Amino acid sequence: MGSKAKGEQHQDSMKCFPTEGQEWVVLQNNLIRALQLRFEWQGWMQDLDERGDGKDLDERDDGKDLDEAIQHHRTALQLRPEGHPLHSHSLNNLATVQGVEKDIDEAIQHLRTALQLRPDSHPDHSVSLNNLAIALSTQFEQQGDGKYLDEAIQHHRTALQLRPEGHPDHSHSLNNLGTVLSTQFEQQGDGKDLDEAIQHHRTALELMPESHLYCSVSLNNLATALSTQFEQRGDGKDLDEAIQHHRTALQLRPEGHPNHSTSLNNLATALSTRFDQQVDRKDLNEAIQHHRTALQLRPEDHPLHSTSLNNLAAALSTQFDQQGNGKDLDEAIQHHRTALQLMPEGHPLRSGSLNNLAAALLKQFQQQCEDGIIIQEALQHAHAAAEQALSPSHQLSAQFHLADIHLVLWQTKHIKQHLEDAMHHYKVAAQFTLASPLERLKSSLTWIRAAEEHLHPSALDAYTQSLHLLDSHVSATTTMSSHHQNRAGHYTGLNLHAFELHLMSSNLVMQGQQSAVEAKVQHYRNLLWKWNRVVEEIRTLDGFSQFLLPPLFRDLQEASCKGPVIVLIASKFSCDAIIVLHQQSPIHIQLQTTWEEMSNLVEKHLQEHPKFIWA
């Protein structure tokens, strides 16, 4: 019998009993549960699983069921006043269904009262802790006050302690704690939170065979956390594992499953991300195919229709970058426009949709280079995205798009203010502290390229910011070998331009697609680790603190007492000399030569003076 038929059967049965009898209360709860089951089956898992948190129920196909359930819960609560042995159960039931999308403040109030009525020794104490924590997480998402998230984490930790290994709800508590820790990481950027979240999701998944009802949800949670870790640290193994888990989840949700479109979307998104790293056409083709299928399963009245439109448009825009087919870009812009219309002001994803449309319009302008209205619209949407951004990623994207748009305007209109605005927004993106060090580092490297290409004086600031962010990124890596690999790769004899190229290509090295490459990389890391241990030991000796490090300025100035010290700086953009004098300020001279000529000069000098030391 379907959930709808069961609900109608319970409604008919209630008419046979007086409202003051115990049988009526039992039937009342049975009806509520049937209504909730019908409500949930009609789409709640799509809403929660799309976000990967296993708890959000943002939009529904039929709110009438929910309203009726709340009404019956209120009636049941009146029949179980304070002092009734099941008073806490009714408080909990009403609060749980209210927390779906109604009055979260009242729901939390009921849950706090229920928790007080269920002390530490109560068999349902952990249930109340868990439910209150979930409601507090929802309140944090709605109001943004970190104290709600902190309390939610505290309650989830306590609930987990009360549900040790072997407890039937141990895996649920692991998943719940992992989810709120991931949320805290997104807010604060502490890698320890993400590491712990992944650990809990792994353990929870190990406790769930594929036949388990929530195995696909657990797979999705772990895959989402691994994708986040990839975005932060750039290790392709995390992304590969995430894709593997999404594929397994999709197999557990075949065609006809209510979450089939969700798994299609999640897998497609991860494949698009991998394409950006490896440029394998198979990944992009499969991603577009899955996004098209997901969109077909989410018609115009579906709450996630706009999400699918945006995702398909993003993949088509990437395909345009690769193949240059204007039809792909036109379709992408059409989908972005439709998605934006479905997201009014205040919608949490509106800023992301504005960013997407701005980026696509910029590409269209660069393709046509004639319609100024297009780029002005792109600029307008990017400004709106920056003003309305509710997440760090959307704010960072908005600043980046603003910089790109102003740079294109500078290149086409040659108005100096556009160049200044572009450098300003690149700087804001690089200094945006809520973003991860890796994302900020990528922003600063783009800033360097743009500043040097257009001879802008902010290039030095961009280099300084990049070196600072490199330290932050290195400190966030998880292994000692990766620490040494990053530091040695960027500080021992590489000029700044080589450092940039090495960083931008590091993803390809880290992914290690072939076993032979992996073995060589691991061998190199081991040698590098040993090398740095020896170097660090040498630097502890008196007089060797700067061993194999660039000389300090004060040392160069002291050395210039016997004559000027000339420092040559060469890159593909410019070549400069700095003359260090003993008791005067250094002198900067821009050289009228090229990087190739400078390299040939150095090589010739080394051949003629073999004892010359090149630092």
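Structure's up top.
In this report, we go over the structure that sits alongside the text. (Residues numbered from 1 in each chain as written. Predicted model: local features only at pLDDT ≥ 70, side-chain atom pairs only at ≥ 80, totals over all residues. Heavy atoms only, no water.)

## Quick look at the overall build of the protein chain
- When helices and strands are counted, the protein chain shows 27 helices and 3 strands.
- Burial analysis of the protein chain (615 residues in total) assigns 49% to the buried set.
- Summarising the internal contacts of the protein chain: among those between residues at least 6 apart in sequence, 53% fall at separations of at least 24.
- Accessible surface, the protein chain as shown: approximately 31,700 Å² in total, 52% of it carbon and sulfur. (Helix = DSSP H or I, 4+ residues; strand = E, 2+ residues; numbered from the N terminus. Buried < 20%, exposed > 50% of the residue type's maximum accessible area, 1.4 Å probe, protein only. Contact = heavy atoms within 4.5 Å. Areas by Shrake-Rupley, 256 points an atom, 1.4 Å probe, with all protein chains shown as cover.)

## Quick word on the pairing of strand β3 (residues 587-591)
- Two elements, strand β2 (residues 575-580) and β3, share 5 bridges in a ladder whose sense is antiparallel. Opposite Cys575, over in β3, you have Leu591 as the bridge partner.
- Taking the residues between adjacent antiparallel strands as the criterion, β2 and β3 are bridged by 6 residues. (Pairing = 2+ DSSP bridges.)

## Looking at helix α11 (residues 215-233)
- With 19 residues, α11 should reach 27 Å at 1.5 Å per residue; the first-to-last C-alpha distance of 27 Å fits that figure.
- Taken across its 19 residues, α11 has 17 buried, putting it largely inside the fold.
- Of the residues flanking the end of α11, it is Gly234, one or two places downstream, whose phi is positive at about 75°. (Expected span 1.5 Å × (residues − 1).)

## Here's the deal with the packing of aromatic side chains
- Summed over all chains, the structure comprises 1 aromatic pair.
- Between the aromatic rings of Phe400 and Tyr426, the centroid separation amounts to 5.8 Å while the plane-to-plane angle is 75°, which identifies the pairing as edge-to-face. In this pair, Phe400 is assigned in helix α19 (residues 392-413) and Tyr426 in helix α20 (residues 416-430), connecting sequence segments 26 residues apart.
- A residue is classified by how much of its surface remains accessible, and Phe400, at 23% relative accessible area, is partly exposed. (Phe/Tyr/Trp six-rings, centres within 6.5 Å; stacked < 30°, edge-to-face > 60°.)

## Some words on the packing of helix α18 (residues 372-388) against α19
- It is the contact of α18 with α19, at a shortest axis distance of 8 Å, that shows an interaxial angle of 155°. Taken together, the axes of α18 and α19 lie roughly antiparallel to each other. Crossing angle aside, the handedness with which α18 passes α19 is left-handed. Between α18, through Ile375, Gln376, Ala378, Leu379, Ala382, His383, Ala385 and Ala386, and α19, the contact on the second element is made entirely by Gln395, Ala398, Gln399, His401, Leu402, Ile405, His406, Val408 and Leu409.
- Residues of the contact of α18 with α19, tallied by class, amount to 11 nonpolar, 6 polar and no charged. (Axes fitted to C-alpha atoms, helices over the stretch in contact; angles between N-to-C directions. Parallel < 35°, antiparallel > 145°, perpendicular 65-115°, else oblique. Left-handed = near helix turned anticlockwise from the far one by under 90°. Nonpolar A, V, L, I, M, F, W, Y, C, P; charged D, E, K, R; others polar.)

## A look at the nonpolar core
- In this structure, Ile333, Leu361, Ile375 and Ile405 are the most contacted members of the largest nonpolar core, which totals 24 residues.
- Secondary structure elements with two or more residues in this core: α16 (326-341), α17 (350-368), α18 and α19.
- Ranked by the residues each element gives to this core, the list is headed by α18, at 8 residues.
- Core analysis: the second largest hydrophobic core is formed by 22 residues, Ile104, Ala152, Leu174 and Ala197 among them. (Core = buried A, V, L, I, M, F, W, Y, C linked by side-chain atoms within 4.5 Å.)

## Some points on the sheet that holds strand β1 (residues 565-570)
- One open sheet holds the 3 strands; their spatial order is β1-β2-β3, and the pairing between them is antiparallel. Only two strands of the sheet have a single partner each, and these edge strands are β1 and β3. The average angle at which neighbouring strand axes cross in this sheet is 20°, direction not considered.
- Against the sheet, helix α27 (residues 595-608) engages β1, β2 and β3, with an angle of about 135° to β1.

## Examining the environment of Ile153
- Within the secondary structure, Ile153 sits in helix α8 (residues 146-161).
- Residues Ile153 and Thr179 lie 26 residues apart in sequence; the distance between their C-alpha atoms is 9.4 Å.
- Each residue touching Ile153, except ones within four places of it in the same chain, is listed here: Leu177, Val180, Leu181 and Gln184.

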